[in-house]
2 protein chains.
Amino acid sequence: MMHFCSACGAGISYRIPHGDDRERAVCDACNTVHYVNPRIIVGCLPEYEGHLLLCLRSIEPRKGFWTLPAGFMENGETTEQGAARETWEEARARVADLALYRVYDVPYINQVYMFYRCTLVDGTHGAGPESLDTRLFAPEEIPWDELAFPSVYRALASYLHDREEGDAFPVQVETILRRRDAGG
Amino acid sequence: MMHFCSACGAGISYRIPHGDDRERAVCDACNTVHYVNPRIIVGCLPEYEGHLLLCLRSIEPRKGFWTLPAGFMENGETTEQGAARETWEEARARVADLALYRVYDVPYINQVYMFYRCTLVDGTHGAGPESLDTRLFAPEEIPWDELAFPSVYRALASYLHDREEGDAFPVQVETILRRRDAGG
Ligand SMILES: [Zn+2]
Ligand SMILES: [Zn+2]
């Protein structure tokens, strides 16, 4: 919740600006309208010799659960650059041949996930500051009951299904509606 | 540029928070880190009986130029819902059968465009408040020299090319690097 104008420091009112159709945070003094929009989370499905790279989270939410490397997209980068950056930061792995695979709309937390499939450049990986461990899992080793987020479960299940079907990986957009304790 | 904390109203400093690796707007009093992330623009390529629907912009930037219906994604909606909403708001048209077609990263203005191809439900359309006019264009009528944004030019050109090739519309992610006067 916004209480003060980030431009001038005056108080904020929530009201519908002229010509708009929904409530916004509007400055009582300088009339700046402060829009709040969904955020993009970019991540990777990194594969190496048939195995998939997961990170064991060292931070909340879902500390101690396995996740795909993913995080908030930053200003000044592309979605693909962001996905590669997160994979380096969380799993100390370099990736190549990135291709968009899944878009997950998670409207109840105002997030849009974009997962890229990719390959590890040389198979090396290691825990970054937000990870306790990283590991390459064979399909039958994936810890399905210890995954951090619904988006991770879905992306992995779809990816392994598509790979089984013969390496056609059609891009799909899906909505995640189920509420879990945190995150999509 | 952020000058005041939206949570407590105190002054903002730009510095690298502990454990981070880039400068953020940090509150001098309550230590809140104010992240600023890229925004999503959702839009449609609405087709009806082989024609494509464009809107003549009534507002800056690029007032008086033709555009696809598109705008900022709002909290609480999916990308597909946002694209359909924008098409209603700008072109008073109802759309169906939405399918993701293009993602355009526009890193120099911190935006990500997502265009959905779709069909008009009944062929009706009309100018919303941000449009002077709306029109269904046959491919040979598209006003290529009067399009508002590079993303619109690219999306239309790719779409017509793909349609010519026989109705396979593979999803692609592209980066728009060229700077124009405003917008992607
Ligand atoms: Zn103000
Ligand atoms: Zn503060």
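Parameters at a glance
Residues numbered from 1 in each chain as written. Chains lettered and ligands numbered in written order. Predicted model: local features only at pLDDT ≥ 70, side-chain atom pairs only at ≥ 80, totals over all residues. Heavy atoms only, no water. Helix = DSSP H or I, 4+ residues; strand = E, 2+ residues; numbered from the N terminus. Buried < 20%, exposed > 50% of the residue type's maximum accessible area, 1.4 Å probe, protein only. Contact = heavy atoms within 4.5 Å. Areas by Shrake-Rupley, 256 points an atom, 1.4 Å probe, with all protein chains shown as cover. Expected span 1.5 Å × (residues − 1). Donors = N, O, S within 2.8 Å, 3.2 Å for Na, K, Ca; no water. Tetrahedral: all angles 85-135°; square planar, octahedral: opposite > 155°, others 65-115°. Pairing = 2+ DSSP bridges. Buried area = accessible area lost by both parts, 1.4 Å probe. Salt bridge = Lys/Arg side-chain N within 4 Å of Asp/Glu carboxyl O. Polar contact = N/O pair within 3.5 Å; in protein donor to acceptor, adjacent residues only side chain to side chain. Nonpolar A, V, L, I, M, F, W, Y, C, P; charged D, E, K, R; others polar. Core = buried A, V, L, I, M, F, W, Y, C linked by side-chain atoms within 4.5 Å.

### A word on the overall build of chain A
So, point 1. Counting secondary structure elements, chain A contains 2 helices and 11 strands.
So, point 2. Taken from the N to the C terminus, the helices and strands of chain A come in the order β-β-β-β-β-β-β-α-β-β-β-α-β.
So, point 3. Counting only C-alpha atoms and orienting by the principal axes, one finds that chain A spans roughly 60 × 30 × 30 Å.
So, point 4. Among the 184 residues that make up chain A, the fraction classed as buried is 51%.
So, point 5. Contacts in chain A between residues at least 24 apart in sequence constitute 61% of all its contacts with a sequence separation of at least 6.
So, point 6. When the accessible surface of chain A is summed, it comes to about 8,400 Å², and 48% of that surface belongs to carbon and sulfur atoms.

### Description of helix α1 (residues 79-91) of chain B
Residues and elements named next belong to chain B.
So, point 1. Under the 1.5 Å per step criterion, the end-to-end length of α1 is 18 Å for 13 residues, consistent within 8% with the ideal 18 Å.
So, point 2. All of the buried residues in α1 are Thr79, Gly82, Ala83, Arg85, Glu86, Thr87, Glu90 and Ala91.
So, point 3. With its phi angle positive at about 50 degrees, arginine 92 sits one or two positions after the end of α1.

### Things to note about the coordination of the zinc ion (ligand 1)
All names here are of chain A.
So, point 1. Around the zinc ion (ligand 1), the donor atoms from the protein are Cys5 (SG), Cys8 (SG), Cys27 (SG) and Cys30 (SG), and they sit 2.2 to 2.3 Å away.
So, point 2. Bound by 4 donor atoms, the zinc ion (ligand 1) shows angles of 99 to 118 degrees at the metal and therefore tetrahedral coordination geometry.
So, point 3. Considered as a linear motif, the donors of the zinc ion (ligand 1) on their single chain read C-x2-C-x18-C-x2-C. Residue cysteine 8 is found in the segment before β1 (12-15), and its partner cysteine 30 is found in the loop between β2 (24-27) and β3 (33-34); the two are separated by 22 residues along the sequence.
So, point 4. For cysteine 30, a relative accessible area of 34% translates into the label partly exposed.

### Side note on the sheet that holds β3 of chain A
So, point 1. Pairing within the open sheet is antiparallel, and its 3 strands lie in the order β1-β2-β3 (chain A). Of all the strands in the sheet, just β1 and β3 of chain A have a single pairing partner and so form its edges.

### With respect to the interface of chain A and chain B
So, point 1. Opposite the 39 residues of chain A that make contact, chain B presents 39 residues.
So, point 2. Of the roughly 3,100 Å² buried at the junction of chain A and chain B (both faces included), carbon and sulfur atoms supply 54%.
So, point 3. Taking the shortest distance from any N to any O, the salt bridge between arginine 22 of chain A and glutamate 74 of chain B comes out at 3.7 Å.
So, point 4. Run the count over chain A and chain B and you get 14 residue pairs in polar contact (both at pLDDT 80 or more).
So, point 5. For the side of chain A that touches chain B, the element with the highest residue contribution is helix α1 (residues 79-91) of chain A, accounting for 4 residues.
So, point 6. Grouping the constituent residues of the side of chain A that touches chain B by class yields 19 nonpolar, 10 polar and 10 charged.

### A short note on the nonpolar core
So, point 1. In this structure, Met114 of chain A together with Met114 of chain B are the most contacted members of the largest nonpolar core, which totals 38 residues.
So, point 2. When residues no more than four places from it in sequence are discounted, the contact partners of methionine 114 of chain B are Val103 of chain A together with Ile40, Ile41, Val42, Gly43, Thr79, Leu100, Arg102 and Val103 of chain B.

### Description of the coordination of the zinc ion (ligand 2)
Residue and element names in this part refer to chain B.
So, point 1. Distances from the zinc ion (ligand 2) to its protein donors, namely Cys5 (SG), Cys8 (SG), Cys27 (SG) and Cys30 (SG), fall within the range 2.2 to 2.4 Å.
So, point 2. Geometry at the zinc ion (ligand 2) is tetrahedral, judged from its 4 donor atoms and the angles of 99 to 117 degrees they form at the metal.
So, point 3. Counting gaps between the donor residues of the zinc ion (ligand 2) yields the pattern C-x2-C-x18-C-x2-C.
So, point 4. Judged by its relative accessible area of 0%, cysteine 27 is buried.

Note that all results are geometric; they support no functional claim without further evidence.
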